[in-house]
Amino acid sequence: MSKPQPSSPAFNVLVVDDDPDSAESLAFCLQQDGRTVLCATSGEEALAVAETFAPHLALVDIFMPRVDGHALAQELRRRFGTGMVLVAVTGAIRSVETGAFDFQLTKPVDFGQLEQLCRLSQSQRSAAA
């Protein structure tokens, strides 16, 4: 994956989707502004990646086998607290009832909305630093 542009602070994004094509297309769009993006195709893989990658933002597909997006979000919150912005990505319009997510996007993801969320997350991170 591409490295962040030297003029911008590092901003790590984790994309979790059991459909590798969906994950890679989101990753490609997110990398365009110099963000560092890693993909995981399962909840288990996402937890392992998050331990070493320390994402600032995670886009999590809700409907995945074994560990679904709700369970993954709850575990990410347990391990990392509120320092990571969690965004539910779902194919169905429905509320995110676990309370672990900060935002929700409906598939197909509107890249304008995604960019707004990234910029908001980055500015919140900069303000907290």
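So, here is what we can say about the structure in this document.

Rules behind the numbers
Residues numbered from 1 in each chain as written. Predicted model: local features only at pLDDT ≥ 70, side-chain atom pairs only at ≥ 80, totals over all residues. Heavy atoms only, no water. Axes fitted to C-alpha atoms, helices over the stretch in contact; angles between N-to-C directions. Helix = DSSP H or I, 4+ residues; strand = E, 2+ residues; numbered from the N terminus. Parallel < 35°, antiparallel > 145°, perpendicular 65-115°, else oblique. Left-handed = near helix turned anticlockwise from the far one by under 90°. Contact = heavy atoms within 4.5 Å. Nonpolar A, V, L, I, M, F, W, Y, C, P; charged D, E, K, R; others polar. Expected span 1.5 Å × (residues − 1). Buried < 20%, exposed > 50% of the residue type's maximum accessible area, 1.4 Å probe, protein only. Polar contact = N/O pair within 3.5 Å; in protein donor to acceptor, adjacent residues only side chain to side chain.

1. What to know about the packing of helix α2 (residues 43-53) against helix α3 (residues 69-80)
Logical step 1: Axis separation between α2 and α3 bottoms out at 10 Å; the angle between their running directions is 20°. By the angle class used here, α2 and α3 are roughly parallel. The crossing of α2 and α3 is right-handed. Residues Gly43, Ala46, Leu47, Ala50 and Glu51 of α2 pack against Leu72, Glu75, Leu76, Arg79 and Phe80 of α3.
Logical step 2: Along the lines of polarity and charge, the residues of the contact of α2 with α3 split into six nonpolar, one polar and three charged.

2. Observations concerning α3
Residues separated by three or four positions in an α-helix point in the same direction, a consequence of the helix having 3.6 residues per turn.
Logical step 1: For α3, spanning twelve residues, the distance from its first C-alpha to its last is 16 Å, which sits close to the expected 16 Å at 1.5 Å a residue.
Logical step 2: Taken as a whole, α3 has its buried residues at Gly69, His70, Leu72, Ala73, Glu75, Leu76 and Arg77.
Logical step 3: Looking at the buried positions of α3, the neighbouring elements they touch are β1 (12-16), α2, β3 (57-61) and β4 (85-90).
Logical step 4: Where α3 begins, the capping side chain belongs to Asp68, and its oxygen is found 3.2 Å from the backbone nitrogen of His70.
Logical step 5: Looking one or two residues past α3, Gly81 carries a phi angle of roughly 70°, positive in sign.

Note that all results are geometric; they support no functional claim without further evidence.
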